[in-house]
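# Survey of secondary and tertiary structure
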Amino acid sequence: MPYSNSDTRLNLSAGLASVTVAGLLVGLKLWAFWQTGALSIAASLADSAMDLLISGAGLGAIIYAARPADDDHAFGHSSVEDLASLGQALFILGSAGAIAAAAIGRLLAPAPAPLEAQSIGIAVMAISALVTAGLVGWQYRVAQRTGNRVVAADMLHYVGDLLPTLGAIAALWMSVRFGWTKVDSLVALAAAAIMARGAIHIGLSAWDALMDRAAPQEIIDGIAEIAEIWPGVRGFHDLKTRTAGARIFVQLHIELDGAQSLSAAHAIAASLKRAIIEAYPQADVIIHKDVWHD
């Protein structure tokens, strides 16, 4: 079931907002890192740079995945989301490793690395946190309205970004207040761990989708429950699903009374399809009609 025009516009607005915010944060944090030399800001900067790549790829995926099926792509173009996610996951892992190595190097150094202009860094990171919170609010609204999983995933990613941003603020404040410069490296290590964990999750999810993994069991069970009690359906079998990007492809064989008219059988199948899509808007449903044998 394709998105409506209004839903598509909302999804695009969320994607454009994400790219704009990520670009703004990269500029702000790059300047703050240049002023302070804080690794915690470097970790947050790297995270924002990855956000920019991820958001850009997500926006491209939203645009490309919205294209209708054609002769070369009979099931649509939604798998592009998984290809983009897999590449992003590898990039995130590499960046997390580089940040962790730099943080460990500073922790093992005989003299602590000095931090400078901490007040500037605190101000920039506070602005970053406020801008990120505003973006998350808009993405949440769009995801609730359209059910788009790309927007929802991007929202969760930015929610996770708030932690290293707040951690950088805390590290800079402790450096000013107590002279605890090593907190900066500890926050960077924690941020790198969070980035690596998220990258592994994103990468595995993308791999599963590219390998045509079935939909989550709760969705399969939910579709089965709808079909089992649907009026006119005497039975069903061969319920198969696979995922591609934000889409779930469903194939289902239903058993109908062979004595009824073709028109009546079609009406039963069509109403069941509408019910499944209403329950799972991301589903693309194909229903095969078989004759029920007592």
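Refer to the preceding data block for the structure.
Here is a short report on the structure shown in this document. The shown structure was predicted, so the numbers you read here are calculated from the model rather than taken from an experiment.

### Side note on the side chain of Gln139
Along the chain, the position of Gln139 falls in helix H4 (residues 118–146). Residues contacting Gln139, with those up to four places away along its chain left out, are Ala14, Ser18, Val151, Asp154, Met155 and Tyr158.

### Here's the deal with the pattern of salt bridges
Applying the stated criterion to the full structure yields 1 salt bridge. One salt bridge in this structure joins Arg234 and Asp257, with 3.4 Å as the shortest N-O distance. Note that Arg234 is positioned in the loop between helix H7 (217–228) and strand S1 (235–244) and Asp257 in the loop between strand S2 (247–256) and helix H8 (262–279), a separation of 23 residues in sequence. For Arg234, a relative accessible area of 43% gives the class partly exposed.

### So, the environment of Arg106
Within the fold, Arg106 resides in helix H3 (residues 80–108). What makes Arg106 partly exposed here is its relative accessible area of 25%. Sequence separation between Arg106 and Ser185 is 79 residues; the distance between their C-alpha atoms is 6.8 Å.

### Brief notes about a nonpolar patch on the surface
On the surface, a cluster of nonpolar side chains totalling about 380 Å² of accessible area is made up of Leu90, Leu93, Ile200 and Leu204. Looking at the nonpolar patch, the elements that each hand over two or more residues are H3 and helix H6 (182–210). Leu93 sits in the partly exposed class, given a relative accessible area of 35%.

### Some thoughts on the side chain of Thr132
Looking at where Thr132 falls in the secondary structure, it is placed in helix H4. Residue Thr132 is classed as buried on the basis of its relative accessible area, which comes to 3%.

### A few points about the environment of Gly232
Mapping Gly232 onto the fold places it in the loop between H7 and S1. Take Gly232: its relative accessible area is 35%, and that puts it in the partly exposed class. Apart from residues lying up to four places away in sequence, Gly232 is in contact with Glu255, Leu256 and Ile268.

### Considering the nonpolar core
Counting 23 residues, the largest nonpolar core has Ile254, Leu272, Ile276 and Val285 as its most contacted members. Among the elements of the structure, H7, S2, H8 and strand S3 (283–291) are those that each provide at least two residues to this core. A per-element tally of this core places H8 first, with 7 residues. Filtering out sequence-adjacent residues up to four positions away, Ile254 remains in contact with Val233, Gly235, Phe236, Ala269, Leu272, Ile287, His288, Lys289 and Asp290. Met50, Ala96, Ala100 and Ala103 belong to the second-largest nonpolar core, a separate cluster that totals 11 residues.

Reading the values: the criteria
Residues numbered from 1 in each chain as written. Predicted model: local features only at pLDDT ≥ 70, side-chain atom pairs only at ≥ 80, totals over all residues. Heavy atoms only, no water. Helix = DSSP H or I, 4+ residues; strand = E, 2+ residues; numbered from the N terminus. Contact = heavy atoms within 4.5 Å. Salt bridge = Lys/Arg side-chain N within 4 Å of Asp/Glu carboxyl O. Buried < 20%, exposed > 50% of the residue type's maximum accessible area, 1.4 Å probe, protein only. Patch = residues over 30% accessible without salt bridge, like charges linked within 9 Å, V, L, I, M, F, W, Y side chains within 5 Å. Areas by Shrake-Rupley, 256 points an atom, 1.4 Å probe, with all protein chains shown as cover. Core = buried A, V, L, I, M, F, W, Y, C linked by side-chain atoms within 4.5 Å.

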